Amino acid sequence: MYVILRGCVSVLGREGPTSQVLRAGASSAAGCSGAGCARRAAATARGDAARCAAERLIHSTCASGVTALLDAALDGYSATVFAYGQTGSGKTHTAFGPPGATEGGDAGLVVRCLRDLATADCTVALQYVEIYNETVVDLLTGEPCDVRRDNGELTGCVEAEVGSTDDALRLLRAGSVRKRFAATQMNARSSRAHSVVVARVRQSRGDRILESTLQLVDLAGSERIYKSGAIKDATRCGEAVAINGSLMVLGKVIAALVEGRSHVPYLESKLSCLLR
């Protein structure tokens, strides 16, 4: 997970849920007999315990990062956070959590942020879009929209004001049913588009009006078309090429920001243009 705040780039990590393949391997190890299998089962148990401990530590670190992000947004700073990684690595799980998770430790990053913003002393308006094959779609209406090249603002996109946590969750649910998923050899439910929640925060501080933008991004995963099987399907292959291309541009943008270059190639993709 990357966090871009006040011109700085931070990287956080979170382990996704254990896959069915790994669970099956652990079950077979636990069900066999003999000294070798006993050692394997013990090693599996130790590995599970270590992963749980690491997950708790990483979860705490991510929660601290989210708190800093929200504090900055409420102080008038714009910020971007996005889940990044290979297809099937748990990005959507990190961003949104399992289906229906809105409370407790299972709630995803996006849900937590919107829940906290909705209870803060500010006005929040949301936009929810996806970028599919370099085409921007408003997930709240299903209609196409676009990104202005001069300032990265969305055009032709609904901006819905939220007054409560329930409002925010209702918009998320409405948009999520339009998101594009497909099965590949690497992921049974692979995101085929980048999705972006844009929260525009406005608040009064005495005689001042503070405005900031918080962008919460669930990136489609990078993939090798031979390994994912996309090479066998023209549609899946085209999606993979578009995903990998926009992620490559995003990497170039981050590198330019980190290195302080005078030119940052925002305009090379719709995703980086929006996130500028």
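All figures in this text were calculated on a predicted structure; none of them were measured in a lab. (Residues numbered from 1 in each chain as written. Predicted model: local features only at pLDDT ≥ 70, side-chain atom pairs only at ≥ 80, totals over all residues. Heavy atoms only, no water.)

A closer look at the pattern of salt bridges
Moving on, step 1. Inspection of the entire model under this criterion finds 14 salt bridges.
Moving on, step 2. In this structure, D75 and R205 form a salt bridge, with 3.6 Å as the shortest nitrogen-oxygen distance. Separated by 130 residues along the polypeptide, D75 in the loop between α2 (35-74) and β3 (79-83) and R205 in strand β11 (residues 194-205) bring together distant segments of the chain.
Moving on, step 3. Taking relative accessible area as the criterion, D75 reaches 42% and is therefore assigned partly exposed.
Moving on, step 4. The exposure class of R205 is partly exposed, given its relative accessible area of 35%.
Moving on, step 5. For R200, the salt bridge goes to E153, with nearest N and O atoms at 3.1 Å. (Salt bridge = Lys/Arg side-chain N within 4 Å of Asp/Glu carboxyl O. Helix = DSSP H or I, 4+ residues; strand = E, 2+ residues; numbered from the N terminus. Buried < 20%, exposed > 50% of the residue type's maximum accessible area, 1.4 Å probe, protein only.)

Describing the packing of aromatic side chains
Moving on, step 1. Going through the model one piece at a time under the given rule, you end up with 1 aromatic pair.
Moving on, step 2. Its end group placed over the ring of Y132, R180 keeps NZ or CZ at 4.0 Å from the ring centre.
Moving on, step 3. Sitting over the face of the ring of F181, R189 holds its NZ or CZ atom 3.7 Å from the ring centroid. (Phe/Tyr/Trp six-rings, centres within 6.5 Å; stacked < 30°, edge-to-face > 60°. Lys NZ or Arg CZ within 6 Å of the ring centre and 35° of its normal.)

Observations concerning the layout of surface pockets
Moving on, step 1. Considering only enclosed or pocket space, the second largest pocket measures out at about 370 Å³ in volume.
Moving on, step 2. Lining the second largest pocket are 22 residues, and of these T80, Q215, L274, L275 and R276 sit closest to its centre.
Moving on, step 3. Taken together, the elements giving at least two residues each to the lining of the second largest pocket come down to β3, β11, β12 (208-218), α7 (234-259) and α8 (270-275).
Moving on, step 4. It is α7 that provides the largest number of residues to the lining of the second largest pocket, a total of 4 residues.
Moving on, step 5. Taken together, the residues that form the lining of the second largest pocket break down as 11 nonpolar, 8 polar and 3 charged. (1 Å grid on protein atoms, 1.4 Å probe; cavity = no way out; pocket = protein on both sides within 12 Å on 5 of 7 lines; lining within 4 Å. Points joined across faces, edges and corners; volume = space filled by probe spheres on them. Nonpolar A, V, L, I, M, F, W, Y, C, P; charged D, E, K, R; others polar.)

Remarks on the confidence of the model for the protein chain
Predicted coordinates in areas of low pLDDT are best not read in detail.
Moving on, step 1. Of the residues in the protein chain, 74% reach a pLDDT of 70 or more, and the chain-wide mean stands at 80.
Moving on, step 2. Confidence over residues 19-33 falls short of pLDDT 50; this stretch has 8 contacts with residues more than four positions distant or in other chains.
Moving on, step 3. Within the model, pLDDT remains below 50 along residues 53-59, and this stretch shows 6 contacts once partners closer than five positions in the same chain are excluded. (pLDDT = per-residue confidence, 0-100. Contact = heavy atoms within 4.5 Å.)

Details of the pairing of β3
Moving on, step 1. Counting buried positions along β3 yields 5 of 5 residues, so the element is predominantly enclosed.
Moving on, step 2. Alternating positions in β3 separate into two faces, A79, V81 and A83 on one and T80 and F82 on the other, with burial throughout.
Moving on, step 3. With 5 bridges joining them, β3 and β12 adopt parallel strand pairing. Counted as the bridge partner of F82 is V217 from β12. (Pairing = 2+ DSSP bridges.)

Points about the nonpolar core
Moving on, step 1. V110, L114, L126, L172, V197, L214 and L216 are the most contacted members of the largest nonpolar core, which totals 31 residues.
Moving on, step 2. A total of 6 residues in this core trace back to one element, the largest contributor, which is helix α4 (residues 109-118).
Moving on, step 3. Apart from residues no more than four positions distant in its own chain, V197 is found in contact with V110, L114, L126, Q127, Y128, L172, L214, Q215 and L216.
Moving on, step 4. Core analysis: the next-biggest nonpolar cluster, separate from the first, contains 21 residues, F82, C157, V217 and L275 among them. (Core = buried A, V, L, I, M, F, W, Y, C linked by side-chain atoms within 4.5 Å.)

Focus on the pairing of strand β6 (residues 144-147)
Moving on, step 1. The alternating pattern of β6 places C145 and V147 on a buried face, while none of P144 and D146, on the opposite face, is buried.
Moving on, step 2. Counting the residues in the hairpin turn of strand β5 (residues 135-138) and β6 gives 5 residues, including G142, whose phi is positive at 80 degrees.
Moving on, step 3. Strand direction decides the pairing type here: β6 and strand β7 (residues 154-155), joined by 2 bridges, are antiparallel. The residue bridging D146 from the neighbouring strand is T155, located in β7.
Moving on, step 4. If you look at the hairpin formed by β6 and β7, you'll find 6 residues sitting between the two strands, and G152 has a positive phi there, around 75 degrees.

Focus: the packing of α4 against helix α5 (residues 165-176)
Moving on, step 1. It is at 8 Å that the axes of α4 and α5 come closest, and there the two elements cross at 145 degrees. In the crossing of α4 with α5, the sense of the turn from one axis to the other is right-handed. Taken together, the residues of α5 that come into contact with α4 (itself represented by V110, V111, L114, R115 and A118) are T165, A168, L169 and L172.
Moving on, step 2. Considered class by class, the residues forming the contact of α4 with α5 number 7 nonpolar, 1 polar and 1 charged. (Axes fitted to C-alpha atoms, helices over the stretch in contact; angles between N-to-C directions. Left-handed = near helix turned anticlockwise from the far one by under 90°.)

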